[in-house]
Amino acid sequence: QVQLVESGGGLVQAGGSLRLSCAASGSIFRLRDMAWYRQAPGKQRDVVAGIKDGGVTNYADSVKGRFTISRDYAKDTVYLQMNSLKPEDTAVYFCYAADTYDIRFWGKGTLVTVSS
């Protein structure tokens, strides 16, 4: 089993920055891909950014150039640096991981609120 715990959410003004962290524990040696998703009120959960084992990253078009995903293997942590935040970035942000057996894990989420 893998446990994922997000932190770093909060309230920020438009144009500001936040850095989300996702700490992994448990059978982390099996982790392969990790990602951040978000879900705004009344909307579906969508991928924001992903990072594969080996470092290849991908981003939703809406966050390209503003968000950066990174992974620290020594700390078993994945980060999401969010700059130039917009009100439409307001959502609950979830950490996601898939292991080598393609079993998928989710964190409980952290709320990001961007005020205009």
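Please refer to the structure placed before this passage.
Everything numeric in this text was worked out from a predicted model, so none of it was measured.

Side note on the pattern of salt bridges
- The tally for this structure, following the rule as stated, stands at seven salt bridges.
- The residue Arg32 makes a salt bridge to Asp102 at a minimum N-O spacing of 3.2 Å. Of this pair, Arg32 sits in strand E4 (residues 31–39) while Asp102 is found in the loop between strand E9 (91–99) and strand E10 (104–106), placing the two residues 70 residues apart along the sequence.
- Look at Arg32 and you get partly exposed, because its relative accessible area is 27%.
- Note that Asp61 and Lys64 form a salt bridge whose closest N and O atoms lie 3.1 Å from each other.

Digging into the state of the cysteines
- A full pass over the atoms with the stated rule returns one disulfide.
- Here Cys22 is linked by a disulfide to Cys95, with a sulfur-sulfur distance of 2.0 Å. Taking the torsion about the sulfur-sulfur bond, which here is approximately -85°, the covalent link between Cys22 and Cys95 counts as left-handed. Placement of Cys22 in strand E3 (residues 18–26) and of Cys95 in strand E9 is noted, with a sequence separation of 73 residues between them. Both residues of the pair, Cys22 and Cys95, count as buried.

Observations concerning the side chain of Arg71
- Mapped onto the elements, Arg71 comes out in strand E7 (residues 67–72).
- The buried charged residue Arg71 lacks any salt bridge, with Asp53 as its nearest oppositely charged partner at 4.4 Å.
- A polar atom in the side chain of Arg71 sits 2.7 Å from the backbone oxygen of Arg32.

Concerning the nonpolar core
- Among the nonpolar cores identified, the biggest contains 28 residues, and Leu4, Met34, Trp36, Leu80, Met82 and Tyr93 are the most heavily contacted of them.
- Among the elements of the structure, strand E1 (2–7), E3, E4, strand E5 (46–51), E7, strand E8 (77–82), E9 and strand E11 (110–115) are those that each provide at least two residues to this core.

Rules used throughout
- Residues numbered from 1 in each chain as written.
- Predicted model: local features only at pLDDT ≥ 70, side-chain atom pairs only at ≥ 80, totals over all residues.
- Heavy atoms only, no water.
- Salt bridge = Lys/Arg side-chain N within 4 Å of Asp/Glu carboxyl O.
- Helix = DSSP H or I, 4+ residues; strand = E, 2+ residues; numbered from the N terminus.
- Buried < 20%, exposed > 50% of the residue type's maximum accessible area, 1.4 Å probe, protein only.
- Disulfide = S-S within 2.5 Å.
- Lys, Arg positive; Asp, Glu negative; His and termini not counted.
- Polar contact = N/O pair within 3.5 Å; in protein donor to acceptor, adjacent residues only side chain to side chain.
- Core = buried A, V, L, I, M, F, W, Y, C linked by side-chain atoms within 4.5 Å.

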